[in-house]
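# Structural features, examined
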Amino acid sequence: MKKAYILGHPLGHSLSPIMHNAAFKHLGIRAEYCKKDILPEDLPKTIELLRQDNVFGANVTIPYKLAVMPFMDNLSDSAKAIGAVNTIINDNGKLLGHNTDASGYIRALKENAGFEPKGKIAIMLGAGGAARAVAYALLNANVEVLYIHNRTFEKAKSLAKEFKFLGNIKAIGKTELKEKIIACDLLINTTSVGMEDNAKDPKTSAVEVLPNSGFVSDIVYRPAKTKLLADAEKVGLATQNGLAMLVYQGAQAFEMWTKQDAPVELMFAAALQALEK
Ligand code: NAP
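Residues numbered from 1 in each chain as written. Predicted model: local features only at pLDDT ≥ 70, side-chain atom pairs only at ≥ 80, totals over all residues. Heavy atoms only, no water.

Inspection of the entire model under this criterion finds 11 salt bridges. Among the ionic pairs, K45 bridges to D42, the shortest N-O distance being 3.2 Å. A relative accessible area of 58% places K45 in the exposed class. Here D231 makes a salt bridge to K234, at a shortest N to O gap of 4.0 Å. One end of the pair, D231, and the other, K234, are both in helix α8 (residues 227-234), 3 residues apart, so they sit about a helical turn from each other. (Salt bridge = Lys/Arg side-chain N within 4 Å of Asp/Glu carboxyl O. Buried < 20%, exposed > 50% of the residue type's maximum accessible area, 1.4 Å probe, protein only. Helix = DSSP H or I, 4+ residues; strand = E, 2+ residues; numbered from the N terminus.)

Given below as structure tokens:
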């Protein structure tokens, strides 16, 4: 029996085992996707396990997306640029570190929401790990401009500087935020504001201002409708939560491990059902 893992801590709410195990079963692949909720000191020996013949690889989540990087034999271009690994592929004992969050986000936006980012004015809230993947994805998808706003302004500024080589990206402070949001085509929340389990009240919105007519995307998926998305829907704006991104990043990992097309619809349904429980 083949194995794939998710490495992280804590892993209580992860939807990944449900969607990957549903996909293995559907395709008749004798494999099991298991949680490895590990402490930092156990990370090196856990990564060594991934080199075994019967292991496809692993997904990596908080807090190890950066910590696993030095243990990889190779890194993909996206993992290098984003500076984080969310998928490890075991290639005959050699470990490739890759990042499928970026492609997952853009596929969700284009295929699931039907939004074409090329030539659009986008504003992203946040400058953390997920923001790096989303910014990488949007700049590679040729947005006209990507404005970044973050609570800690310095982080937005340094991300804009670092990603300048990918396209037109600018950090903006509070004073500019309102006018830019009103006129934007795409507003994306990549902060954890609005998420359940966050220390903050989940009834808080990541931002109070909304676009006049732009699309609103929140990469948080628990709750399925954050306050930001509920506010946007109330004024008739089209929205998308983070579930499609989660499913598509998982589907790409699945395809890299098994070299088979992932049953995306089925993975979506399995994740949605688990989320609604
Ligand atoms: P992270 O690296 O810890 O970054 C957190 C971000 O949120 C930072 O920009 C931080 O700002 C901001 N933030 C946190 N609390 C805030 C507050 N009270 N007010 C304003 N800003 C606040 O986390 P991450 O890995 O990027 O994850 C962020 C969110 O994305 C999480 O909810 C996660 O579940 C979600 N996510 C979803 C997917 C998916 O597939 N849908 C994938 C990855 C992540 P500072 O820099 O000022 O601290």
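Turning to the sheet that holds strand β6 (residues 94-98), a few remarks are in order. What the 6 strands build is an open sheet, ordered β2-β1-β3-β5-β6-β4; its pairing is mixed. If you trace the sheet from one side to the other, it starts and ends with β2 (31-37) and β4 (74-75), each paired once. Examined bridge by bridge, strand β5 (residues 87-91) and β6 share 5 bridges and lie antiparallel to one another. Within β6, the residue paired with D91 across the bridge is K94. Sitting on the sheet, helix α1 (residues 16-27) touches β1 (2-8), β2 and β3 (55-60), and the angle it makes with β2 is about 165°. Those strands touched by helix α9 (residues 243-258) are β1, β2, β3, β5 and β6, and its axis lies near 160° from that of β3. (Pairing = 2+ DSSP bridges. Contact = heavy atoms within 4.5 Å. Axes fitted to C-alpha atoms, helices over the stretch in contact; angles between N-to-C directions.)

With that settled, the discussion passes to the sheet that holds strand β9 (residues 169-171). Within the open sheet, the 6 strands sit side by side as β9-β8-β7-β10-β11-β12. Their pairing is parallel. The open sheet terminates on both sides in strands that have one partner only, identified here as β9 and β12 (239-240). The pairing of strand β7 (residues 121-125) with strand β10 (residues 186-189) spans 4 bridges and is classified as parallel. Bridge assignment links A122 to a residue of β10, and that residue is L186. On top of the sheet, helix α6 (residues 153-162) reaches β7, β8 (145-149) and β9; it is set at about 160° to β9, its chief contact.

Taken as a whole and assessed by the stated rule, the structure comprises 4 aromatic pairs. For the pair F24 and F56, a centre-to-centre distance of 5.9 Å together with 20° between the ring planes defines the contact as stacked. With a gap of 32 residues between them, F24 in helix α1 and F56 in strand β3 connect regions that are remote in the sequence. Relative accessible area serves as the criterion here: at 1%, F24 is assigned to the buried category. (Phe/Tyr/Trp six-rings, centres within 6.5 Å; stacked < 30°, edge-to-face > 60°.)

Around the ligand, a shell composed of 22 residues is seen, among which A130, N150, T152, K155 and M195 lie nearest. Contacts to the ligand include S192, whose backbone N or O atom sits 3.4 Å from an oxygen atom. Coverage of the ligand by the protein chains reaches 78% of its 920 Å² of free accessible surface. At the level of elements, α5 (129-140) and α9 are the ones that each hand at least two residues to the shell around the ligand. In the shell around the ligand, the residues fall into 10 nonpolar, 9 polar and 3 charged. (Near = heavy atom within 4 Å. Polar contact = N/O pair within 3.5 Å; in protein donor to acceptor, adjacent residues only side chain to side chain. Areas by Shrake-Rupley, 256 points an atom, 1.4 Å probe, with all protein chains shown as cover. Nonpolar A, V, L, I, M, F, W, Y, C, P; charged D, E, K, R; others polar.)

Interface size is commonly expressed as the accessible area that is lost once the parts come together. For the chain, the domain assignment lists domain 1 (2-99 + 244-276) and domain 2 (116-237). Opposite the 11 residues of domain 1 that make contact, domain 2 presents 10 residues. Approximately 970 Å² of surface area, both sides summed, lies buried where domain 1 meets domain 2, with 66% of it carried by carbon and sulfur atoms. Between domain 1 and domain 2 we count 0 salt bridges in total. (Domains from an automatic or database assignment. Buried area = accessible area lost by both parts, 1.4 Å probe.)

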